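Residue strings, one per chain:
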Amino acid sequence: MPGAKPKLPTIRDVAARAGVSKSLVSLVMRNAPNVSDARRTAVLEAAAELGYRPNAVARSLVQSRSGVLGCVLSDLHNPFFADVADGIEEAAVDLGYRALLSSAFLDASRESIAVDTLLQLRVDGLVLLGTMTDADHFEAAGRSVPVVLVGKQTDSELMDCIGGDDAAGAAMVVRHLVEMGHRRITHISGGGGAGAPERQSGYERAMRAHGLDDEVRVVGGAFTEAGGASAMAQLLQGDDRPTAVFAPNDFAALGALDVLDEARIRVPDDISLAGYDGLAMSRIRRIDLTTVRQPSLELGRRA
């Protein structure tokens, strides 16, 4: 019949082609050790000839596990999250799992949809990277499968979290800038991004610790190039231009750098700029950004 969908080969078809039982085909597909080399070869050749692939959904129902870990990234365009995802995939494969990625496009409502979808697909666990949503929102998922938050703190007993000490990292940036002789140090906030509140509080505490209470200044931004660019444009409009700017991450710092470059303001000659995360692009000679390096691959592996 024209346009009809071709019938997919089944385990019965493979067994008939190889001249063995269905249970033996199942053993071979699970890579069980107690199968002779001759029969294993016969089954694999029959499966290849027929184009047979095991039904992962059916197998997961029988075994009560899918062998898949769900991973939700708040922003797939941010290289930091891509690096963390690499670490997740690397460790997952070593443990006999695969990672299934979903992007929330910096939209809290999409995070919830992505989590619900992955749970419906019966993933064995969830890793949530840099979620915009409050951590407590995912407690229900933690009652079903193990859940790990990356870059987001939680006191919930139903979830685990992993990340760097963002407040301490921010304090390192402030100390570095103060040692360079800066006093008017402004922080661009990360908005609702994971770790943004900790970086801002670390900046504020460090400024006060250095006796710069009157110089504390925070402008609204986001963990994006657009967020950094908008904040820097706002700073350049005022008369009290800072001598140094601490961006919430490297992505935002790149947006700020673009605005400075367009305004013919040299970095670091005219103004100092620092980021956070330690992205590979920050080390490009043309950029050469001062930043706090996070062990992104290791964060993914541990998650």
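Below or above, wherever it landed, is the structure these notes cover. Small disclaimer: the values here were computed from a predicted structure and weren't measured.

Brief notes about unusual backbone geometry
V267 connects to P268 through a cis peptide bond whose omega is 10 degrees. You can see P268 is positioned in the loop between α11 (250-262) and β9 (272-274). In this structure, L106 is a non-glycine residue whose phi angle is positive, near 55 degrees. Looking at the element boundaries, L106 is found in the loop between β2 (98-103) and α6 (108-120). Judged by relative accessible area, L106 falls into the partly exposed class, the value being 34%. Of note in the backbone geometry, D277 takes a positive phi value of approximately 120 degrees without being a glycine. Mapping D277 onto the fold places it in the loop between β9 and α12 (296-302). Taking the relative accessible area as the measure of exposure, D277 reaches 4% and is therefore buried.

A word on the side chain of S296
Within the fold, S296 resides in helix α12. Given the relative accessible area of 11%, S296 is considered buried. Not counting residues within four places of it along the chain, the set of residues in contact with S296 comprises F80, D83 and V84.

Parameters and conventions
- Residues numbered from 1 in each chain as written.
- Predicted model: local features only at pLDDT ≥ 70, side-chain atom pairs only at ≥ 80, totals over all residues.
- Heavy atoms only, no water.
- Helix = DSSP H or I, 4+ residues; strand = E, 2+ residues; numbered from the N terminus.
- Buried < 20%, exposed > 50% of the residue type's maximum accessible area, 1.4 Å probe, protein only.
- Contact = heavy atoms within 4.5 Å.

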